[in-house]
Amino acid sequence: MIDSHLHLQDPVLFDRLDKVLYEAREAGVDRMVVNGTTPDDWPLVSDLSQSIPEVSAFYGLHPWYVNEYPDGWQERLRYMLTKNPLAGVGEIGLDKWIPNRDWVRQQEAFLTQLGLAHELQRPATIHCLKAWGKLLECLDNSCFDGAFLLHSYSGPADLVNEFVERGSYFSISGYFFRQDKMAKLKVFELVPEDRLLLETDAPDMMPPKALIRKSIMRSESGMPANHPANLVGVYEAYSEWAGISLEETKTLMIQNFSAWHSR
Ligand SMILES: [Zn+2]
């Protein structure tokens, strides 16, 4: 099974990495797409991808952190990507939901990173919240024409086709199987089957109880954190929702992952 989006470098997972990895493998997870979010965690993502065969690395400056990094990160990102020809560009994107993040800087950072993905011919992973129109505009203003993943897509139903036409894949996280998120899940009925992927976004986006196989207590907050082994729950819930067998889901996700990741 393939987890198309998570953050294994997050201290909650990284501090107990051996155990987390053991449990993920036991559960049947055989590919994990680990997304870097700032220049500070890129080296860790790189180490993970070199030491763990299941890990695929993505490097990007996340829109939440654009204020914290003065210019200079762009060259660092180019270096990280050049060093690993298999790495993708992510997690990048636009976010109007989070307060106090420089909106102009977000767009500049996003366009720069799309440009780099185009130049180096890499797939991209995009985070977008409440900025869907602007996302379309940026995609149209960029020369990037590769495959990208809209991770945990929560955009409007009527934009699904627009994104499909521009090369988008869409991932469902376990979180969308919560009773109060059913409207978000329904949007995925419009996504072509060959453009779907599944993810945990661990340690974030805690799924509903029925999907949880493992969780970890966050020491500071005492709140449970999501675990990569919960991917099994996501695969099972998706299979049931889509009316296909677990084996069919596994085959579909392998095909979709290689189509997205090899472009
Ligand atoms: Zn993420």
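Okay, so let's go over this structure. (Residues numbered from 1 in each chain as written. Predicted model: local features only at pLDDT ≥ 70, side-chain atom pairs only at ≥ 80, totals over all residues.)

1. Concerning the sheet that holds strand 8 (residues 196–199)
Working step 1: The 8 strands are arranged 1-2-3-4-5-6-7-8 in an open sheet whose pairing can be described as parallel. The two strands at the open ends of the sheet, each matched to only one other strand, are strand 1 (2–6) and strand 8. Taken pair by pair, the neighbouring strands of this sheet meet at an average axis angle of 30 degrees, ignoring direction.
Working step 2: Relative to strand 5 (residues 124–129), strand 4 (residues 88–95) is paired through 5 bridges, and the arrangement is parallel. Residue pairing across strands places Asp95 opposite Leu129, the latter belonging to strand 5.
Working step 3: Relative to the sheet, helix 3 (residues 42–51) contacts strand 2 (31–35) and strand 3 (55–59), its axis offset from that of strand 3 by approximately 160 degrees.
Working step 4: Those strands touched by helix 10 (residues 246–261) are strand 1, strand 2, strand 3, strand 6 (148–150), strand 7 (168–173) and strand 8, and its axis lies near 100 degrees from that of strand 8. (Pairing = 2+ DSSP bridges. Helix = DSSP H or I, 4+ residues; strand = E, 2+ residues; numbered from the N terminus. Axes fitted to C-alpha atoms, helices over the stretch in contact; angles between N-to-C directions. Contact = placed C-beta atoms within 7 Å.)

2. Observations concerning the pairing of strand 2
Working step 1: For strand 2, the buried fraction is high: 4 of the 5 residues fall into the buried class.
Working step 2: Pairing of strand 1 with strand 2 involves 3 bridges; the strand directions are parallel. By the bridge assignment, Leu6 is partnered in strand 2 with Val34.
Working step 3: Of the strand pairs in this sheet, strand 2 and strand 3 are connected by 4 bridges, and their pairing is parallel. Along strand 3, the bridge assignment pairs Asn35 with Phe58. (Buried ≥ 20, exposed ≤ 12 C-beta atoms within 10 Å, placed from the backbone.)

3. Here's the deal with helix 4 (residues 73–83)
Working step 1: Within the sequence span of helix 4, burial applies to Trp73, Leu77, Met80 and Leu81. End-on, the buried residues of helix 4 take up no more than an arc of 95 degrees, which puts them together on one face. Seen from the open side of helix 4, the exposed residues pointing more than 90 degrees away from its buried face are Glu75, Tyr79, Thr82 and Lys83.
Working step 2: In the core, the buried residues of helix 4 are packed alongside helix 3, strand 3, strand 4 and helix 5 (103–119). (Arc of directions from axis to C-beta.)

4. Focus: the nonpolar core
Looking at soluble globular proteins, one finds that nonpolar side chains tend to be buried together.
Working step 1: If you look at the biggest cluster of nonpolar residues, it comprises 74 residues, and the most contacted ones within it are Val34, Tyr59, Val89, Leu150, Leu197, Leu198 and Leu231.
Working step 2: Sort the elements by how many residues they give to this core and helix 9 (residues 231–242) lands first, with 6 residues. (Core = buried A, V, L, I, M, F, W, Y, C linked by C-beta atoms within 7 Å.)

5. With respect to helix 10
Working step 1: Here helix 10 contains 16 residues, and its C-alpha end-to-end distance of 22 Å stays within 8% of the 22 Å for a straight helix at 1.5 Å per residue.
Working step 2: Within helix 10 the residues assigned to the buried category are Thr249, Met253, Asn256, Phe257, Trp260 and His261. The buried side chains of helix 10 occupy one side of the element, clustering within an arc of 115 degrees when seen end-on. Among the exposed residues of helix 10, those oriented more than 90 degrees off its buried face are Glu247, Glu248, Thr251, Gln255 and Ser258. (Expected span 1.5 Å × (residues − 1).)

6. Here's the deal with the pairing of strand 4
Side chains on a regular strand alternate between the two faces of the sheet.
Working step 1: For strand 4, the buried fraction is high: 7 of the 8 residues fall into the buried class.
Working step 2: Of the pairings in the sheet, the one linking strand 3 to strand 4 comprises 2 bridges and is parallel in character. Within strand 4, the position partnered with Phe58 by the bridge is Gly88.
Working step 3: Taken together, strand 4, helix 5 and strand 5 constitute a β-α-β crossover, and its handedness is right-handed. (Right-handed = clockwise from strand over helix to strand, strands pointing away.)

7. Some points on unusual backbone geometry
Working step 1: The omega torsion of the bond from Gly90 to Glu91 falls at 15 degrees, within 30 degrees of zero and hence cis.
Working step 2: Within the secondary structure layout, Glu91 lies in strand 4.
Working step 3: Geometrically, the link from Ala202 to Pro203 is a cis peptide bond, its omega value of 10 degrees lying close to zero.
Working step 4: Looking at the secondary structure, you find Pro203 in the loop between strand 8 and strand 9 (215–217).
Working step 5: You will see that Ser152, though not glycine, has its phi angle at about 50 degrees, which is positive.
Working step 6: Position of Ser152 relative to the elements: it lies in the loop between strand 6 and helix 7 (160–165).
Working step 7: Given 21 C-beta atoms within 10 Å, Ser152 falls into the buried group.
Working step 8: At Asp201, a residue that is not glycine, the phi angle is positive and equals roughly 60 degrees.
Working step 9: Here Asp201 lies in the loop between strand 8 and strand 9.
Working step 10: Since 26 C-beta atoms lie within 10 Å of it, Asp201 is described here as buried.

As far as function goes, none of this settles anything; it's purely spatial.
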